[in-house]
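What follows is each chain in one-letter form.
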Amino acid sequence: MKQRTTDITVGLFMLAGLAALLFLALQVSGLSPKSAESTYTIYANFNDTGGITPRGRVSMAGVTVGSIDSVSLNKETFQARVAMSIHGDVDNIPADSAAVIRTSGLLGEQYIDISIGGEMDSLKPGDTFYSSQSAMNIERLISNFASGK
């Protein structure tokens, strides 16, 4: 009887450990179910997106205010069109703000940073940023420096 109780306890402990491991894996991967908070979509066009991927973060003044929904190619302008989901409570982004692709640290992930403008009008759902700054391509910088351009 003592052996059976120990086996059941160890089995329950293993199940709890596996459940915790699964929960952490889902949190780190970003595949966990999202809460039902309201969001709206805005767009930005870039000449070079670098390593921007869907589910990447969108921040303003260092605070995460949304995420990247999709990155696609505009076949008319041959620019990358990035769709961003912005939290519903951030509804006063000035219309002359700029979307800038930045990197966390030297080799960190790339994200979109919203540089605030000064206009009184705000971006509405479905609007596109008037100004954007593409990702800095380190390889291109090094090759230009090496060739003397």
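Every residue gets a number counted from 1 within its own chain, in the order that chain's sequence is written. Local features in this predicted model are restricted to residues of pLDDT 70 or higher, and side-chain atom pairs are both shown and tallied only at a pLDDT of 80 or more, whereas totals for entire chains, interfaces and linings draw on every residue. Just so you know, side-chain values use all the structure's heavy atoms and leave hydrogens and water out.

Chemist: Please explain the domain arrangement of the chain as it appears in this structure.
Modeler: Source of the domain bounds: an automatic or database domain assignment. Splitting the chain by domain gives domain 1 (1-33) and domain 2 (39-136). One C-alpha centre belongs to domain 1, the other to domain 2; they are set 39 Å apart.

Chemist: What's the story with the packing of aromatic side chains in this structure? I'm lost.
Modeler: Each aromatic ring pair is summarised here by two numbers: the centre-to-centre distance and the angle between the ring planes. For Phe, Tyr and Trp, where Trp contributes only its six-membered ring, two rings pair if their centres lie within 6.5 Å, and the inter-plane angle classes them as stacked under 30 degrees, edge-to-face over 60, or tilted in between. Taken as a whole, this structure holds zero aromatic pairs when the rule is applied. Counted as over-ring charges are cases with an Arg CZ or a Lys NZ within 6 Å of the ring centre that also lie within 35 degrees of the ring normal. Cation over ring: Arg57 sits above Tyr111, and NZ or CZ is 3.9 Å from the ring centre. Above the ring of Tyr43, the side-chain terminus of Arg81 is found at 4.1 Å from the ring centroid.

Chemist: I'm lost on the pattern of salt bridges in this one. Help?
Modeler: Oppositely charged side chains can pair when the atoms bearing their charge come close. Any carboxyl oxygen of Asp or Glu that lies within 4 Å of a side-chain nitrogen of Lys or Arg is treated as forming a salt bridge with it. Applying the stated criterion across every chain yields a total of two salt bridges. Across the salt bridge formed by Arg57 and Glu109, the nearest N and O atoms sit 3.5 Å from each other. A residue pair is termed long-range when its members are at least 10 positions apart, and Arg57 in strand S2 (residues 57-60) and Glu109 in the loop between strand S5 (98-103) and strand S6 (110-115) qualify at 52 residues. Judged by relative accessible area, which is 24%, Arg57 ranks as partly exposed. Throughout, exposure labels follow a simple rule: accessible area from a 1.4 Å probe, protein chains only, divided by the maximum for the residue type, with under 20% read as buried, over 50% as exposed, and the rest as partly exposed. What makes Glu109 partly exposed here is its relative accessible area of 46%. Asp113 is the salt-bridge partner of Arg102, the closest N and O atoms lying 3.1 Å from each other. One end of the pair, Arg102, is in strand S5; the other, Asp113, is in strand S6, and eleven residues separate them in sequence. Where helices and strands are cited, they refer to DSSP runs of H or I of at least four residues and of E of at least two residues respectively, numbered from the N terminus.

Chemist: Explanation requested: the pairing of S2 in the structure shown.
Modeler: Side-chain direction in a regular strand flips from residue to residue, so the side chains alternate between the two faces of the sheet. For two strands to be treated as a pair, DSSP must find at least two bridges joining them. Where S2 lies against strand S3 (residues 63-74), four bridges are found, and the strand directions are antiparallel. Each bridged residue has a counterpart across the sheet, and for Ser59 the counterpart in S3 is Thr64. In this antiparallel pair of consecutive strands, S2 and S3, the connection spans two residues, and Ala61 shows a positive phi of 55°. The sheet contact formed by S2 and S6 spans two bridges and is parallel. Residue Val58 lies in a different strand from S6, and its bridge partner there is Ile112.

Chemist: Would you mind showing me how to read the environment of Leu15 here?
Modeler: For Leu15, the location among the structural elements is in helix H1 (residues 2-29). Relative accessible area serves as the criterion here: at 56%, Leu15 is assigned to the exposed category. Each C-alpha atom of the pair Leu15 and Ala83 lies 40 Å from the other, and the pair is 68 residues apart in sequence.

Chemist: Sorry, what's going on with the sheet that holds S2 here?
Modeler: By definition, the strands of a sheet pair up through backbone hydrogen bonds, in either a parallel or an antiparallel sense. With mixed pairing, the seven strands of this open sheet are ordered in space as S1-S4-S3-S2-S6-S5-S7. Among the strands making up the open sheet, the edge pair consists of strand S1 (39-46) and strand S7 (131-133). Each neighbouring strand pair of the sheet contributes to a mean axis angle of 30°, computed without reference to strand direction. By the bridge criterion, eight bridges tie S1 to strand S4 (residues 79-87) in an arrangement that is antiparallel. Of the residues in S4, the one forming a bridge with Tyr43 is Ala83. Interaxial angles span 0 to 180 degrees and are taken between N-to-C directions of axes, which are lines fitted to C-alpha atoms, for helices over the stretch in contact.

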